[in-house]
Amino acid sequence: MSRIVDYALARRALLADYRENRVGREAICDAHPELVRAATYLGIPRDGSCPICEDSAMRTVGYVYGDELRRINGRVVGDDGELERLAQRYSEFTCYEVEVCLECHWNHLVRSYVM
């Protein structure tokens, strides 16, 4: 794993804007139905509760993108084992991890990294 980008500061800023009523809930709890479906069936349970609705039904979903991936570009990655298999087969691709609340549909990019 290299070139890791952590989006924690952007997350904190967005949550601060929400708490100060500078951004509405409808603007941040807008997960696409396919993202919610992927989180429901393929997502990895996440520690902690949702920062918006305080429900504990948080999941992390990983997606992979890369020039070599072609037909599997944008594929949901279920676990680290699957990432390792892809890393053995392809020379480079980027993984994006998104946190999703199954209740209120909060979603935010957590981090990205190159494998």
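Residues numbered from 1 in each chain as written. Predicted model: local features only at pLDDT ≥ 70, side-chain atom pairs only at ≥ 80, totals over all residues. Heavy atoms only, no water.

Draft legend 1. Spatial organisation of helix α3 (residues 33-42). Residues of α3 that are buried: Leu35, Val36, Ala38 and Ala39. Relative to the axis of α3, the buried residues are bounded by an arc of 160° and lie together on one face. Exposed side of α3, more than 90 degrees from the buried face: Pro33 and Tyr41 are the residues found there. (Buried < 20%, exposed > 50% of the residue type's maximum accessible area, 1.4 Å probe, protein only. Helix = DSSP H or I, 4+ residues; strand = E, 2+ residues; numbered from the N terminus. Arc of directions from axis to C-beta.)

Draft legend 2. Quick peek at unusual backbone geometry. One non-glycine residue with positive phi stands out, namely Asn21, at about 60°. Along the chain, Asn21 turns up in the loop between α1 (8-19) and α2 (25-28). One non-glycine residue, Arg70, lies in positive phi territory at about 45°. Given the relative accessible area of 69%, Arg70 is considered exposed.

Draft legend 3. Quick peek at α1. The first and last C-alpha atoms of α1 sit 16 Å apart over 12 residues, in line with the 16 Å expected at 1.5 Å per residue. Within two residues after α1, Asn21 carries a phi angle of roughly 60°, on the positive side. (Expected span 1.5 Å × (residues − 1).)

Draft legend 4. Highlighting the environment of Ala13. Counting through the fold element by element, Ala13 comes out in helix α1. Along the chain, Ala13 and Gly48 lie 35 residues apart, while their C-alpha atoms are 19 Å from each other.

Draft legend 5. Representation of the pattern of salt bridges. Across all of its chains, the model carries 7 salt bridges by this definition. Put simply, Asp17 and Arg22 hold a salt bridge, and the shortest N to O gap is 2.9 Å. The partly exposed category is assigned to Asp17, whose relative accessible area is 28%. When the shortest N-O distance is used, the salt bridge between Arg111 and Glu97 registers 3.0 Å. (Salt bridge = Lys/Arg side-chain N within 4 Å of Asp/Glu carboxyl O.)

Draft legend 6. Region of interest: the nonpolar core. Within the largest apolar cluster, 12 residues are counted, these being Ala31, Leu35, Val36, Ala38, Ala39, Ala57, Val61, Tyr63, Val76, Val98, Val100 and Leu102. For this core, the secondary-structure elements that each account for two or more residues are α3, β3 (58-65) and β5 (94-101). Here the element with the most residues in this core is α3; it accounts for 4 residues. Among residues more than four places away in sequence, those in contact with Leu35 are Val61, Tyr63, Val98, Val100 and Asn107. In this structure, Val64, Leu69, Cys95 and Met115 belong to the second largest nonpolar core, which totals 11 residues. (Core = buried A, V, L, I, M, F, W, Y, C linked by side-chain atoms within 4.5 Å. Contact = heavy atoms within 4.5 Å.)

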